[in-house]
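Each chain, written out:
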Amino acid sequence: MEAKAILKNARIAPRKVQIVLDLIRGKDYEVALATVQNTPKAASEYLEKLLKSAAANAENNHNMDKNNLYVAECYVCPGPVMKRIMPRAQGRAYRILKRTSHVTVVLKEKE
């Protein structure tokens, strides 16, 4: 049994999210949540909400015990990229890529 939560089109670059995901992969739910809450990264807000959502899915949809959950999988994929223009000297224009992320967290119950 596994409970999953997916966040699509988060306005944060995947490489920034990956740093925090590496910290919580394989940890117990409570430890992962505490880690995310005490990590001073921009991705922490998104991941805290996503972890809580996955835990709620586990409890309500799959009748799993919240105390026995652990982060089985967590990964981030690049979402659509918004392309913007930055004016530069002599009439040139540089491209700015505003990246988005699709984040997935899978919780499983310990045997």
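So, a few notes on the structure that sits alongside this text. Quick caveat, the model's predicted, so the values are computed rather than measured.

A few words on the sheet that holds strand 2 (residues 69-78). Ordered by their spatial adjacency, three strands build an open sheet running 1-5-2, and the pairing between neighbours is antiparallel. The sheet terminates laterally at strand 1 (2-10) and strand 2, the two strands that pair on one side only. This sheet shows a mean twist of 15° between the axes of neighbouring strands, independent of strand direction. Relative to strand 5 (residues 101-109), strand 2 is paired through nine bridges, and the arrangement is antiparallel.

The subject of this paragraph is the packing of helix 1 (residues 14-24) against helix 2 (residues 29-37). Following both chains from N to C, one finds helix 1 and helix 2 inclined at 145°, their axes separated by 9 Å at the closest point. For the crossing formed where helix 1 meets helix 2, the hand is right-handed. Touching Val20, Leu23 and Ile24 of helix 1 are Ala32, Thr35 and Val36, all from helix 2. The residue makeup of the contact of helix 1 with helix 2, split by class, is five nonpolar, one polar and no charged.

Rules and cut-offs
- Residues numbered from 1 in each chain as written.
- Predicted model: local features only at pLDDT ≥ 70, side-chain atom pairs only at ≥ 80, totals over all residues.
- Heavy atoms only, no water.
- Pairing = 2+ DSSP bridges.
- Helix = DSSP H or I, 4+ residues; strand = E, 2+ residues; numbered from the N terminus.
- Axes fitted to C-alpha atoms, helices over the stretch in contact; angles between N-to-C directions.
- Left-handed = near helix turned anticlockwise from the far one by under 90°.
- Contact = heavy atoms within 4.5 Å.
- Nonpolar A, V, L, I, M, F, W, Y, C, P; charged D, E, K, R; others polar.

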